[in-house]
Amino acid sequence: MRRVVCPGSFDPATNGHLDIIRRAALLHDEVIVVVGANLAKHGMFTVEERVSMLQEMTADLPNVSVETFRGLLVEFCRSRGVSAIVKGLRAVSDFEYEMEMAQMNYRLAQVETLFLTANPLYSFLRSSLVREIATYGGDISSLVPGPVERCLRAKLAAPNPG
Ligand code: PNS
């Protein structure tokens, strides 16, 4: 059983994330998409909202599930018998940060990291840009899956609790 994780903040998930999740699901028996909850309270979406959007956008992928984790990712991997972390690499700018994490995760618990090169369509797509474009009324329909677009619009339309 080749079980891997696709970890991230997913605040919110983009079409780039979905592309990596789909490709990981083709290559492995089971993919757990894991939402890191350590710093989530500073984000735009709650952890529950992120999980729910990810569940909706991966509903057609039978070997993909969505979970959350707190603490170290390698501990989550250990607890679930996960052998590798799958991440997308967009551009050279991702490389140093991802390399550091991959090497440290291997050193901590001998958990491997597998990198998939991003689809060039999504090379410059990141969650913070999506949030900014949506906040100022730009069109994000080609950047995020339908469930994320709907949640973003609802969030921006809702009165700000602050
Ligand atoms: O969406 P991101 O910012 O690339 O996600 C980063 C994430 C959540 C995968 C990473 O920060 C993480 O694994 N955090 C958990 C804490 C941890 O294990 N830190 C040590 C990494 S070497």
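The sections below set out a description of the structure shown in this document.

Rules used throughout
- Residues numbered from 1 in each chain as written.
- Predicted model: local features only at pLDDT ≥ 70, side-chain atom pairs only at ≥ 80, totals over all residues.
- Heavy atoms only, no water.
- Helix = DSSP H or I, 4+ residues; strand = E, 2+ residues; numbered from the N terminus.
- Rg over C-alpha atoms; globule rule 2.2 N^0.38 Å.
- Contact = heavy atoms within 4.5 Å.
- Areas by Shrake-Rupley, 256 points an atom, 1.4 Å probe, with all protein chains shown as cover.
- Lys, Arg positive; Asp, Glu negative; His and termini not counted.
- Charge placed at Lys NZ, Arg CZ, Asp CG, Glu CD.
- Phe/Tyr/Trp six-rings, centres within 6.5 Å; stacked < 30°, edge-to-face > 60°.
- Buried < 20%, exposed > 50% of the residue type's maximum accessible area, 1.4 Å probe, protein only.

## Re the overall build of the chain
Here's step 1: Each helix and strand counted, the chain has 6 helices and 5 strands in total.
Here's step 2: Ordered by position from the N terminus, the helices and strands of the chain form the series β-α-β-α-β-α-β-α-β-α-α.
Here's step 3: Radius of gyration (C-alpha) of the chain: 16 Å, near the 15 Å computed for a compact globule of 162 residues.
Here's step 4: Considering only intrachain contacts with a sequence separation of at least 6, the fraction spanning at least 24 residues in the chain is 77%.
Here's step 5: On the chain, roughly 9,200 Å² of surface is accessible, and the fraction owed to carbon and sulfur atoms is 55%.
Here's step 6: Separation of charge centres in the chain, based on 17 positive and 18 negative side chains, amounts to 3 Å.

## A closer look at the packing of aromatic side chains
Here's step 1: In the structure shown here, the tally under the stated rule is 1 aromatic pair.
Here's step 2: Residues Phe-69 and Phe-76 carry aromatic rings whose centres are separated by 6.1 Å and whose planes lie at 50° to one another, so their mutual orientation is tilted. Comparing Phe-69 with Phe-76 shows no difference in burial state: the two are buried.

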